[in-house]
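A look at the structure
The primary structure of each chain is shown beneath.
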Amino acid sequence: MNAWQCASAVVMMPHTKHTMSADVESRRRRSTESSEPLWDHEPKGRRYSAQCDRLCVAGAYHEIPDTPSPCTSQYLGHYTPKCLSAHRHSMHSRCMDDVWQETSIRTTIRAENEVEAQKLANNYRFGFRKWKSHVTERPIEDRSDVIKELYSELNYISHHSGSLVTFGNVVYVLLFGWWIALLYFLVSLIMFCSIAGIPYGKLCLQLSGYFLWPFGKALKKSNSPMRKCCIKFPHCEAIPEVDEVKGSLEEKESTPLLRSAPAVTTEMPVIAPPTKQRRYWCRLSTYVWLVLGYPLLAVVHCLAIFLSWMIVFTIPVAKMNARTLSTILLMPPEEVKVHTVKKPHGCETKVLLCCYHAFNWYYYKYTVDGINVFAVNLLPLVIITLVIGYVDREHYYVSSEAKFATSVCSIIPLSYFIGMGIASISAQSNFAVGAVVNATFGSITEMAFYITALLQGHRAGSRCYAEIVKSALTGTLLGCILFIPGICMIIGGLKHREQRFNSRSAGVSSALLFISVGGVFAPTLFSKAYGNFICEGCNNSPFNSSKPFICNNCHYDLSENNRPLFLSHIEPLVYTISVLLPTAYLIGLIFTLKTHSHIYDIHISDGHGHVLSDHGAVVHWSRLRALVVLILATLMMAACADLCTENIRPIISNSSVSQYFIGVTVLAMVPELPEIVNGVQFALQNNISLSLEVGSCIAVQVCMLQIPLLILFNAFYDVGFVLIFSDLHLWASIFSVILVNYIFMDGKSDYFQGTALVVVYLILLALYFFAPAPLGC
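Our subject in this report is the structure included herewith. Just so it is clear, the structure is predicted and the values come from calculations on it, not from any experiment.

1. Structural notes on the overall build of the protein chain
A tally of helices and strands in the protein chain yields 26 helices and 18 strands. Each of the 777 residues in the protein chain was classed as buried or not, and the buried ones make up 49%. Across the protein chain, contacts joining residues at least 24 apart in sequence account for 81% of those joining residues at least 6 apart. A total accessible area of about 37400 Å² is found for the protein chain, and carbon and sulfur atoms account for 63% of it.

As structure tokens, this is what we get:
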């Protein structure tokens, strides 16, 4: 039975609809349900037995609907039924040899809307920047309970299980609780001494004890005429509302008869005893409080908000202080009461403030208008860097080393904003616009540093800056080839044991890497064959002629001592390569996105068979806003890169560390930190294919786009950039490409393979650390 007979057998099968068994339906349903976007990465080359199993089951069981055979190129679905052992082995042996050997993959993407689906599809396209974060808003009711807790306003008493004495709560007492409580106690003494502020003194005493240990306690309004209760649970704790007063009983009943109704939360009016109270703004105590007490506590709470927000994982403390400052301290003191929380019986009750935990590890996922909280916290650093860098030119107040450190760190949030802008525009535009945006802005971070460094070196008349740029280029290449795939394999392998990826699509990237490295280092190899071997000085002992000569600083020099060879041979070779490499990049785009797009075979679905629509999808950044952010981030990136290169001179002159090491580590990998985070997140989602593509995409762009652009810039404005690398750069890059191609051959990864890549990367870093200074430094 050959492959044609397999196809004929499938075509002759009746195409009538049958009722699927409950077991099959339940398995298919389970395979499509997931809390995160689903990527189905099972190579067809590894599904030979499953393909024949489908034929076997289709012929044996008529209740299973017909599944299109892979022989007909219509493979869909997530379910692979199992066959009886005899049929399985027989069909497997007959079909195994004749089934086509194409190890393509069908990648199923599940998305909430059309815009998000477009963003996810762009991640699989060659040349597009890989982005993990969402570009559209996600309804909070569709998120998990862990995420819902992150965005809680801390104004509900919810069901809580477990002890409140946790490590995070104890750390809160040590970092915040004791001094906030102490200052509240001091303010209470001031208010008691003022006589008129005695009611506020009592409130401060209550809040002093509350902020020392706020967990398991609630601040609630004492005179609210409304109580929130559960009709289903008559013993539920009733706690007043904050500011909602309703005069009618509202009850919704939507459960069928003869079934126990769920808990229904309703507002029940409670007649409050009439009290004569003067208005809040007509009291003398209010103004005494606003003059003597509130400003001091405002400073305390603002400091606590800033510190807890910058720590990120203590954001609940920031929310608690912000709510106290904006609401509770501006209420009449007699209306605020502190109560110990009793466990609610099946309902959530709204109060002024209630907190159970001061520390939550999951706050690294917290976003503000779609922007990760770490990028938000680092954004003020960019402003500080620009101010101290351009105001204090003479280093009177801040040293050049500190300016260099802040400018390098400022690149991290700017890289994030550039990536977010690229992803937002690409997701809302067609393929042509997305390709242009990715090609122009995808490498803007690195190009800004490279060009400013070359200009700085040209003005200073030093060749050291050009060598640092070459070190940064090589470091980016090594980090993307070895470190990013290695760390993703380690983290993904520890969680998922073994991960599989499409070896053929990885082979396309590997082939492009071979072409890239071969083209970039071709002038270097040419110089080894035809260049002059120059030594600065050679000497020998005059009393012992048997000893060999000792030569210093020997190298191949083409630009000065052998100028005719460089102008007639090397320079034309460099320009030829600068044309061929972008051409190969363009051919790679056409191959992977047009003529052989079936290698990636992306299928977009919402996981429930519904048609995706962009109606109702709210994007975080519109195209105009994303474009404005891109332009501003690019300008600030150029300014930070200029400050970085301006203040690097004392470091490379006085540091005992090799300039090679500074280039291949700090200057190369710091701009790629957002990409590393994206790769790790993909690996944790068992999507190792995208993790590997993150590094490969950057490495290919370095060789095929960034280096040709630097050659083009040097052609128009000669800054002394010559595409000839040192021997250490040459052999480290070639060895890394060979190693990573060997690792990618089998189409699977685990933490051991990742460890091998990371160890090799660390060995190369050790070589750079102990290497002597490059020529000109």
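2. A word on the sheet that holds strand S3 (residues 217–221)
Pairing in this open sheet of three strands is antiparallel, and the strands run S7-S3-S9 from one edge to the other. Only two strands of the sheet have a single neighbouring strand rather than two, namely strand S7 (336–340) and strand S9 (353–354). In terms of strand pairing, S3 meets S9 through two bridges, oriented antiparallel. If you follow alanine 218 over to S9, its bridge partner there is cysteine 354.

3. Quick look at helix H7 (residues 167–193)
Each turn of an α-helix holds 3.6 residues, which means side chains three or four residues apart point in the same direction. Taking 1.5 Å per residue as the helical rise, H7 with its 27 residues ought to reach 39 Å, and the 38 Å between its terminal C-alpha atoms agrees with that figure. Maximum bend of H7: about 50°, positioned at valine 173. The elements touched by buried residues of H7 are helix H8 (198–212), helix H9 (284–311) and helix H10 (315–326). Looking at the residues trailing H7, positive phi occurs at isoleucine 195, about 65°.

4. Section: the pattern of salt bridges
Tallying each qualifying case throughout the model produces seven salt bridges. Between glutamate 335 and lysine 221 there is a salt bridge, with the nearest N and O atoms lying 3.9 Å from each other. Of this pair, glutamate 335 sits in the loop between H10 and S7 while lysine 221 sits in strand S3, and the two are 114 residues apart along the sequence. Each member of the pair, glutamate 335 together with lysine 221, is buried. Between glutamate 467 and lysine 470 there is a salt bridge, with its nearest N and O atoms 3.8 Å apart. One end of the pair is glutamate 467 and the other is lysine 470, both in helix H15 (residues 464–496) and three residues apart, which spans about a single turn. On the basis of relative accessibility, which here comes to 11%, the residue glutamate 467 falls in the buried class.

5. Comments concerning the environment of valine 719
Mapped onto the elements, valine 719 comes out in the loop between helix H24 (688–716) and helix H25 (727–743). For valine 719, the contacting residues outside a window of four places in its chain are Leu454, Leu455, His458, Phe713 and Asn714.

6. With respect to the packing of helix H5 (residues 114–123) against helix H12 (residues 400–427)
Where H5 meets H12, the closest approach of the two axes is 8 Å, and the angle between their N-to-C directions is 115°. Of the two possible hands of crossing, H5 and H12 adopt the one that is right-handed. In this structure, H5 uses Val115, Gln118, Lys119 and Asn122 to contact H12, whose residues at the interface are Ala423, Ser426 and Ala427. Here the contact of H5 with H12 is built from residues that sort into three nonpolar, three polar and one charged.

What counts and how
- Residues numbered from 1 in each chain as written.
- Predicted model: local features only at pLDDT ≥ 70, side-chain atom pairs only at ≥ 80, totals over all residues.
- Heavy atoms only, no water.
- Helix = DSSP H or I, 4+ residues; strand = E, 2+ residues; numbered from the N terminus.
- Buried < 20%, exposed > 50% of the residue type's maximum accessible area, 1.4 Å probe, protein only.
- Contact = heavy atoms within 4.5 Å.
- Areas by Shrake-Rupley, 256 points an atom, 1.4 Å probe, with all protein chains shown as cover.
- Pairing = 2+ DSSP bridges.
- Expected span 1.5 Å × (residues − 1).
- Bend = angle between axes of the 7 residues up to and from the residue.
- Salt bridge = Lys/Arg side-chain N within 4 Å of Asp/Glu carboxyl O.
- Axes fitted to C-alpha atoms, helices over the stretch in contact; angles between N-to-C directions.
- Left-handed = near helix turned anticlockwise from the far one by under 90°.
- Nonpolar A, V, L, I, M, F, W, Y, C, P; charged D, E, K, R; others polar.

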